[in-house]
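# Secondary and tertiary structure notes
Residues per chain are reported as follows:
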Amino acid sequence: MGKRHLLSIKDLSREDITLILDTAEGFKDVLKRDIKKVPTLRGKTVVNLFFEPSTRTRTSFELAAKRLSTDVINFSVSTSAVVKGESLIDTALTIQALGADFVVVRHSSSGVPHLLADKINASIINAGDGINEHPTQALLDAFTIREKKGRVEGLTIAIVGDILHSRVARSNIPCLTKLGARVRLIGPPTLVPDEFRADQVEIHYSMEEGLRDVDVVMMLRIQLERQDRGFFPTVNEYFRLWGLTSERIALARDDAIVMHPGPMNRGVEIDSAVADSSRSVILEQVTNGIAVRMAVLYLLGGKA
Amino acid sequence: MVEKGEKILISGGQIVDPSQGINCVGDLLIEKGKIKSLALEPEKIEKTEEDITKVINAKGMLVFPGLVDMHVHLREPGYEYKETIKTGTMAAVRGGFTSVCCMPNTKPVNDNETVTEFILRKAFAEGACYVFPIGAITKGQKGEELSEMGMMYEAGCVAFSDDGHPVMNSLVMRRALEYTKAFDVPIITHAEDINLSANGVMNEGIVSHELGLRGIPAEAEVIMIKRDIELARLTGGRLHIAHVSTRGGVKAIREAKNSGLRVTAETCPHYFTLTDDAARGYNTAAKVNPPLRTVEDLEAIKEALSDGTIDVIATDHAPHHIDEKNCEFDRAAFGISGLETALSLSLNLVKEGVLSIDELVEKMSLNPSRILGLDKGTLKVGADADITVVDPEAQWKVEPDEFYSKGKNTPFKGFVLKGLTRVVICKGRIYDFTERQDTEQHRLILL
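Residues numbered from 1 in each chain as written. Chains lettered and ligands numbered in written order. Predicted model: local features only at pLDDT ≥ 70, side-chain atom pairs only at ≥ 80, totals over all residues. Heavy atoms only, no water.

### Comments concerning the pairing of strand S6 (residues 182-186) of chain A
All names here are of chain A. The condition is simple: Under the scheme applied here, a residue whose accessible area is under 20% of the maximum for its type counts as buried, over 50% as exposed, and between as partly exposed, the area being computed with a 1.4 Å probe on protein chains only. Helix and strand assignments come from DSSP, with helices taken as H or I runs of at least 4 residues and strands as E runs of at least 2, each series counted from the N terminus. At least two DSSP bridges between two strands are required for those strands to pair. Every crossover in which the path from the first strand over the helix to the second runs clockwise, viewed with the strands pointing away from the viewer, is termed right-handed.
Within S6, 4 of the 5 residues are buried, which leaves it mostly tucked inside the rest of the structure. Taken together, the 5 bridges between strand S5 (residues 156-160) and S6 define a ladder with parallel strand orientation. Bridging from a neighbouring strand, Thr156 pairs with Arg182 of S6. In this view, the connection linking S5 to its parallel neighbour S6 by way of helix H6 (residues 167-178) has right-handed handedness. Across 3 bridges, the pairing between S6 and strand S7 (residues 202-204) is parallel. In the sheet register, Arg184 faces S7, and the bridge partner there is Glu202.

### A closer look at the pattern of salt bridges
Residues and elements named next belong to chain A. Stated formally: By convention in these notes, a salt bridge is any Lys or Arg side-chain nitrogen within 4 Å of a carboxyl oxygen on Asp or Glu.
On inspection of all chains with the given rule, the structure shows 42 salt bridges over all chains. The residue Asp16 makes a salt bridge to Lys3 at a minimum N-O spacing of 2.9 Å. Of this pair, Asp16 sits in helix H1 (residues 14-32) while Lys3 sits in the segment before H1, and the two are 13 residues apart along the sequence. Among the residues examined, Lys3 registers a relative accessible area of 22% and is labelled partly exposed.

### Some words on the sheet that holds strand S4 (residues 123-129) of chain A
All names here are of chain A. Just so we agree on the cut-off: Geometry is summarised by axes, namely lines fitted to C-alpha atoms with helices restricted to the contacting stretch, and by angles between N-to-C directions that run from 0 to 180 degrees. Contact criterion: two residues are considered in contact whenever any of their non-hydrogen atoms come within 4.5 Å of each other.
Taken together, the 4 strands give an open sheet; going across it, the order is S2-S1-S3-S4, and neighbouring strands pair in parallel fashion. Strands with a single pairing partner mark the edges of an open sheet, and in this sheet they are strand S2 (71-76) and S4. With direction set aside, neighbouring strand axes in the sheet form an average angle of 15 degrees. Where strand S3 (residues 102-107) meets S4, 5 bridges bridge the pair, whose relative direction is parallel. Residue pairing across strands places His107 opposite Asp129, the latter belonging to S4. Packing against the sheet, helix H2 (residues 56-67) makes contact with strand S1 (45-50), S2, S3 and S4, and its axis sits at approximately 180 degrees to S1. Sheet strands in contact with helix H3 (residues 88-97) are S1, S2 and S3, and its direction is about 160 degrees off that of S1.

### What about helix H4 (residues 112-119) of chain A?
All names here are of chain A. Summarising burial for H4: 6 of the 8 residues are buried, a large majority. Burial in H4 covers these residues: Val112, Pro113, His114, Leu115, Leu116 and Ala117. Where H4 is buried, its residues meet S1, H3, S3 and S4.

### Some remarks on the interface of chain A and chain B
This is how it is decided: Buried area: the accessible surface (1.4 Å probe) lost by two parts on joining, summed over both. Counted as a polar contact is a pair of N or O atoms within 3.5 Å, where, for protein atoms, one must be capable of donating a hydrogen and the other of accepting one, and residues adjacent in sequence contribute only when both atoms are in side chains.
Taken residue by residue, the interface counts 23 residues in chain A and 16 residues in chain B. Both faces combined, the contact of chain A with chain B buries some 1500 Å², and carbon together with sulfur accounts for 48% of it. Contact with chain B buries surface across chain A, with Ser110, Ile131 and Glu195 of chain A losing the most and accounting together for 30% of the total. Taken together, chain A and chain B are joined by 0 salt bridges. On inspection of chain A and its partner chain B, the count reaches 9 residue pairs in polar contact (both at pLDDT 80 or more). Among the elements of the structure, H3 and H4 of chain A are those that each provide at least two residues to the side of chain A that touches chain B.

### Details of the domain arrangement of chain B
All names here are of chain B. Stated precisely, the cut-off is as follows: Those domain boundaries reflect an automatic or database domain assignment.
On domain assignment, one finds that chain B holds domain 1 (7-63 + 382-392 + 415-445) and domain 2 (66-372). When each unit is reduced to the centre of its C-alpha atoms, the spacing between domain 1 and domain 2 is 29 Å. Listed by partner, the interface residues are 25 residues for domain 1 and 27 residues for domain 2. The contact between domain 1 and domain 2 buries some 2200 Å² in all, and 63% of this surface belongs to carbon and sulfur atoms. By the criterion of area lost to domain 2, the three top residues of domain 1 are Pro18, Leu417 and Lys427, representing 25% of everything that side buries. Run the count over domain 1 and domain 2 and you get 0 salt bridges. Where domain 1 meets domain 2, there are 10 residue pairs in polar contact (both at pLDDT 80 or more). Put simply, the parts of the chain that give the side of domain 1 that touches domain 2 at least two residues each are strand S2 (22-31), strand S16 (387-397), strand S17 (416-426) and strand S18 (429-432).

Below, the structure written as structure tokens:
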């Protein structure tokens, strides 16, 4: 792939993305074996540097790294020196001095992975920066769509919810667009600002309009703590207008699938009847996440 | 002050003094720290006049009344790790400024006469140039209760501002504009609706969208400029609008001026030089408040400078420690260390034909002096000898490590600029930057 870091989907070509997805297919086979481990990156060290609480992404990276036989260290904010006032750059330099080959970083500020890539020698993998990007989530979503639908090109994919604050959406939009999908964004205007029109997407404020004939519905988590910032009046009203219910999913194509990056708020953005239906591929996304992150580590590993 | 009868001759420079309508090659004689006489070509002041102490050959140079920066942050008292009165005024002199007006967001805030007096005493003793403090409008810059503006005025404050913290309460702003009519000093507004800017870190637009950074819409500035203009209309108070960055703001100010209101405005070199593109790569050096805007805003700012809507070019010199910029974009401090690049960047406007050289001197010396009622910005006989001699052809590369300011935070690092201050005369001292600057002695000749 010829890259040292995975900071942004925008840095990847369609060929790069396809290579990652193809490589992940091979690793998914590994995960189905009785012994789910390969010696590919033995002797390498991966540091999960998480400045924000995260269970699923961190666990997924940890498993991916272990399946490749690396040594993994979890460095999370509550146990680190950061609470003692250490600067981000000092923390990063410390981790470099410990001998990390890969640093998987999550931070509440956009651009932190880019800053670390400037300051330290390890390969940096962006595991979510502020409201900016979450590239491995987009890659695992694309992998899941391709696995279920056989292709991404030509599909119509709706991303629904808090687009404005979603790093998942900001990575998925360029990823899916590069792979040839048509992307629709659905949500209240306060959470789907006009700037997104620059990204070759359709914007819909009505679920009934936006869900019609789509192949994939990608739900985003509504961050309840944002509700008091006045982006929408109440959770009750949000669910009434933008919640994914059985009636609404019926507007999509008969074989449409439903995705969610988790964790879900049942009864806020998605009704349990849909989340637990046969359309839902939510748990498969979790499994695929490991394979995709293995592929990313593997492909970057050759360049570290 | 200059002792006894010492005389300095500045010979053969192009003297630009809009206060007298002068733009002509000539000689300037200084005695006892005052302008003694001025001779324009073909007349000359005799170099052979026997008791001349020093001759400064200004052939090919521009000779300006000392520049006046009505918007700087000197950080003292309280934030001496960012800048001190000594280092900030030295940076000012290096940039060609002989007077600076310091904003009150120090620790403690300059919201009472004791702090004002501290600043003035310190500036008298250690300042390389003159310092005129700007007092806080409200106690602690909290936007709630008026500070003792009358006593601060008597102590030496030349204007009032809660710079960095907009006065969100319209009633408090109304009272401030009314009350200061008693002293005929301006209220300087930092125009920003902080509810609308909502923790944004850069201009809201396509670049913030692409970087995933929280945006500050132009309207956060425009709405507050419009509010304050209406309050100036209501009260008849004097309003000066700091660091205008938006096309909408410019339009509102133009209309206010056309309707006869006593409104003045300033902008800063970064707003007519850079756009929000400078923030790409999460470049914290380009994080400033108000934020760098779009090319449409930049063009509107230039037009407003050209047509007189914007009266003043100020720096909003905001020095910060390296640790406050070498970090996450969200956490990085807002501000640009601007004193040492402002003149060169502004001279670009002359090269581009936006301003004549006379207009440039108006905006960087005469107009701020008039707005604040300072006896500065002129080379009239009898005035303080505050003089800036500039080599308009000198090319130099911006190397922040060479700044006199403690603040190395500039988005202009590596820029090659034209026009450099060679000699500054101020406070009865000659600062000569023509020699290599290895030691303090080369920088400063005390007369």
